[in-house]
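# Fold and contact review
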Amino acid sequence: MKEYFQEVPQIKYEGAQSKNPFAFKFYDKDKIVLGKTMQEHLPFALAWWHAMCAEGVDMFGRGTADKSFGQKPATMEHARAKVDAGFEFMQKLGIKYFCWHDVDLVPEAQDINQTNAMLDEISDYILGKMKDTDIKCLWGTANMFSNPRFMNGAGSSNSLDVYCFACAQIKKALDITVKLGGKGYVFWGGREGYETLLNTDVAFELENIATLMKMAVDYGRGIGFEGDFYIEPKPKEPMKHQYDFDAATAIGFLKAHNLDKDFKLNIEANHATLAGHTFEHELRISAINNMLGSIDANQGDLLLGWDTDEFPWDVYQTTMCMLEVIQAGGLSGGFNFDAKTRRPSYTHKDMFHAFILGMDAFALGLLNAEKIIKDGRLQQFVKQRYSSFDSPLGQRVLSHNATLEELSLRACQMKQPELPSSGSQESLQALVNQILFS
Ligand code: XUL
Ligand code: CO
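All of the points below concern the structure found in this document.

Parameters at a glance
Residues numbered from 1 in each chain as written. Chains lettered and ligands numbered in written order. Predicted model: local features only at pLDDT ≥ 70, side-chain atom pairs only at ≥ 80, totals over all residues. Heavy atoms only, no water. Helix = DSSP H or I, 4+ residues; strand = E, 2+ residues; numbered from the N terminus. Rg over C-alpha atoms; globule rule 2.2 N^0.38 Å. Buried < 20%, exposed > 50% of the residue type's maximum accessible area, 1.4 Å probe, protein only. Donors = N, O, S within 2.8 Å, 3.2 Å for Na, K, Ca; no water. Tetrahedral: all angles 85-135°; square planar, octahedral: opposite > 155°, others 65-115°. Pairing = 2+ DSSP bridges. Axes fitted to C-alpha atoms, helices over the stretch in contact; angles between N-to-C directions. Contact = heavy atoms within 4.5 Å. Parallel < 35°, antiparallel > 145°, perpendicular 65-115°, else oblique. Nonpolar A, V, L, I, M, F, W, Y, C, P; charged D, E, K, R; others polar. Near = heavy atom within 4 Å. Polar contact = N/O pair within 3.5 Å; in protein donor to acceptor, adjacent residues only side chain to side chain. Areas by Shrake-Rupley, 256 points an atom, 1.4 Å probe, with all protein chains shown as cover. Phe/Tyr/Trp six-rings, centres within 6.5 Å; stacked < 30°, edge-to-face > 60°. Salt bridge = Lys/Arg side-chain N within 4 Å of Asp/Glu carboxyl O. Core = buried A, V, L, I, M, F, W, Y, C linked by side-chain atoms within 4.5 Å. Domains from an automatic or database assignment. Arc of directions from axis to C-beta.

### Description of the overall build of the protein
Within the protein one finds 16 helices and 14 strands. What you see for the protein is a C-alpha radius of gyration of 24 Å, in line with the 22 Å of a compact globule of 438 residues. If you line up the protein on its principal axes, its C-alpha atoms span 80 × 60 × 45 Å. By the burial criterion, 47% of the 438 residues in the protein qualify as buried.

This is the structure in structure tokens:
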């Protein structure tokens, strides 16, 4: 078997003092943290589209990275070489999961029947690789945003013919997800949105999207898919208004259409910040609705303001993320690196450095979250902050047994309330720094 990344050895944990750029400094897969190994806490996944396909094309220039893996692009030889290279890459890093769109795996043919036949062939090939390794499929999805037919969306398209193509792609992607034993199936509504109300019937489009999702659930359950369906919220880009703007919007949509039993959310850090939220906000909103399913692990750049899909580097952000994930009891999905190297980082070695960066950043986040939880002062502060509700009257509010009249009477008797206790944000930020850096 050809070795694609000859210049890179197996990546091992060497500890914080190591000077080896091809070693983990913090991700120690067997280390026990809060009763589980790091590897159990952090089921990392490779995103096929970035790692195996994307060459660094942007609006102003062609690709800088070579992802041909010695084959002519858009051929089945190339598709198979990507599988070989991808599995070698994951094995060298100890990555146990991968995620894909249909068109990441094979080139799209003019005739969908040919594309489907190629998908059958490549999934057989992938299955063979999976049997020889302990690598699994985290989730699959259909790309319903790149092909020009999806210019007006997929479920939200004005064209019934295009809607049928969306159904066909979802059906096939679900077949392949089940064949590969995927844990989840993702809907990212890439072009499910609109530019102007002058040409758009919003109610019509939302109803059609829900119908498409219901048909997907019915079909998926019918062929034995027991995993979670996910919505991956994103507020904009490519569309100006996207229907799955953020976690709260997606949850409201799922509940309104009785889809909330089959769906959870796949929260992407960069999508959260595009929506004007923090990553942890989106995780918390999902978790308190029992819908935190999976994570697309990346980070954005607040100075740029688009979906830069950078590898996670900000350890405060991974710390806050891991606090949320641990408090939610973990993920049913995983941490998919929906992230790409910067355009000038174009070598195959850079791909390894990027994953080492991301995996170490999440390992640090996990270790920090453990420290914060074990310290306990932060949770204690939050509990104390609401302690006025411990009183008998507060308990009546919490158990929904109070009335507006009695609470109003109490206010009138007091004449003026005392000011609430201080939020102490600066003190808590200093506390977090003390816990992390002492
Ligand atoms: C786009 C994005 C997608 C989804 C899968 O912003 O995040 O790659 O993760 O379609
Ligand atoms: Co994503």
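### A closer look at the coordination of the cobalt ion (ligand 2)
Within the protein, Glu-232 (OE), Glu-268 (OE), Asp-296 (OD) and Asp-338 (OD) serve as the donor atoms for the cobalt ion (ligand 2), at 1.9 to 2.1 Å. With six donor atoms in place around the cobalt ion (ligand 2) and angles of 82 to 170° between them, the coordination shape is octahedral. For the cobalt ion (ligand 2), the single-chain donor residues occur in sequence as E-x35-E-x27-D-x41-D. In this pair, Glu-232 sits in the loop between strand 10 (228-231) and strand 11 (241-242) while Asp-296 sits in strand 13 (residues 292-296), placing the two residues 64 residues apart along the sequence.

### Considering the sheet that holds strand 7 (residues 136-141)
On the basis of which strands lie adjacent, the closed barrel formed by eight strands has the order 5-6-7-8-10-12-13-14 and parallel pairing. Looking at each pair of strands side by side, their axes are set apart by 30° on average, direction ignored. Looking at chain direction, strand 5 (residues 44-47) and strand 14 (residues 335-337) are connected through three bridges and run parallel. Its bridge partner being in strand 14, Ala-45 is matched across the sheet by Asn-336. The sheet strands contacting helix 10 (residues 279-288) are strand 12 (263-268) and strand 13, and the helix crosses strand 12 at an angle near 170°.

### A word on the packing of helix 8 (residues 247-256) against helix 10
The contact between helix 8 and helix 10 brings their axes to 9 Å, and the two run at 25°. Classed by the angle they form, the pair helix 8 and helix 10 counts as roughly parallel. Contacts between helix 8 and helix 10 pair Ala-247, Ala-248 and Ile-251 from the former with Glu-282, Ile-285 and Ser-286 from the latter. A class-by-class count of the residues in the contact of helix 8 with helix 10 yields four nonpolar, one polar and one charged.

### Notes on the site of ligand 1
Every residue close to ligand 1 is listed here: Trp-49, His-101, Phe-145, Trp-188, Glu-232, Lys-234, Glu-268, His-271, Asp-296, Asp-307 and Asp-338. A distance of 2.9 Å separates an oxygen atom of ligand 1 from a polar atom in the side chain of Asp-296. Protein burial of ligand 1: of its 290 Å² of free accessible surface, 93% is covered by the chains. Classifying every residue of the shell around ligand 1 gives three nonpolar, two polar and six charged.

### Section: the packing of aromatic side chains
Applying the stated criterion to the full structure yields 25 aromatic pairs. Look at Phe-89 and Phe-355: their rings are 5.0 Å apart centre to centre, the planes differ by 85°, and that puts the pair in the edge-to-face class. Taken together, the residues span a long stretch of sequence, with Phe-89 in helix 3 (residues 76-93) and Phe-355 in helix 12 (residues 348-375) at a distance of 266 residues. The pair formed by Phe-89 and Phe-355 is uniform in burial state, with each residue classed as buried.

### Examining the side chain of His-78
With respect to the element layout, His-78 can be found in helix 3. Excluding residues that lie within four positions of it along the chain, His-78 makes contacts with Lys-67, Ser-68, Gln-71, Lys-72 and Pro-73.

### Thoughts on the pattern of salt bridges
Tallying each qualifying case throughout the model produces 21 salt bridges. Residue Arg-80 pairs with Glu-121 through a salt bridge whose shortest N-O separation is 2.9 Å. Residue Arg-80 is located in helix 3, and its partner Glu-121 is located in helix 5 (residues 112-132); the two are separated by 41 residues in the primary sequence. Residue classification places Arg-80 among the partly exposed residues on the basis of a relative accessible area of 24%. When its relative accessible area of 39% is taken as the criterion, Glu-121 is described as partly exposed. Between Asp-307 and Lys-234 there is a salt bridge, with the nearest N and O atoms lying 2.8 Å from each other. Pair noted here: Asp-307 is in the loop between strand 13 and helix 11 (315-327) and Lys-234 is in the loop between strand 10 and strand 11, with a separation of 73 residues, a long-range link. Taking the relative accessible area as the measure of exposure, Lys-234 reaches 3% and is therefore buried.

### Some details on the side chain of Lys-129
Position of Lys-129 relative to the elements: it lies in helix 5. Other than its neighbours up to four places away in sequence, Lys-129 contacts Met-1, Val-83, Asp-84 and Phe-87.

### Overview of the nonpolar core
By size, the foremost hydrophobic cluster in this structure holds 105 residues, and its most contacted members are Leu-46, Trp-48, Leu-93, Phe-98 and Phe-335. The element best represented in this core is helix 12, accounting for 12 residues. For this core, the domains that each give at least three residues are domain 1 (12-375) and domain 2 (378-437). Excluding anything up to four places from it in sequence, Phe-335 contacts His-41, Leu-42, Pro-43, Phe-44, Ala-45, Ile-295, Ala-297, Cys-321, Met-322, Val-325 and Phe-362. Of all hydrophobic cores here, the second largest spans nine residues; its members include Ala-47, Trp-49, Tyr-97 and Leu-138.

### Examining helix 10
Residues of helix 10 that are buried: Phe-279, Glu-280, Glu-282, Leu-283 and Ser-286. Looking down the long axis of helix 10, one finds its buried residues gathered within 160° of arc, a one-sided arrangement. Buried-residue contacts for helix 10 involve helix 8, strand 12, helix 9 (269-274), strand 13 and helix 11.

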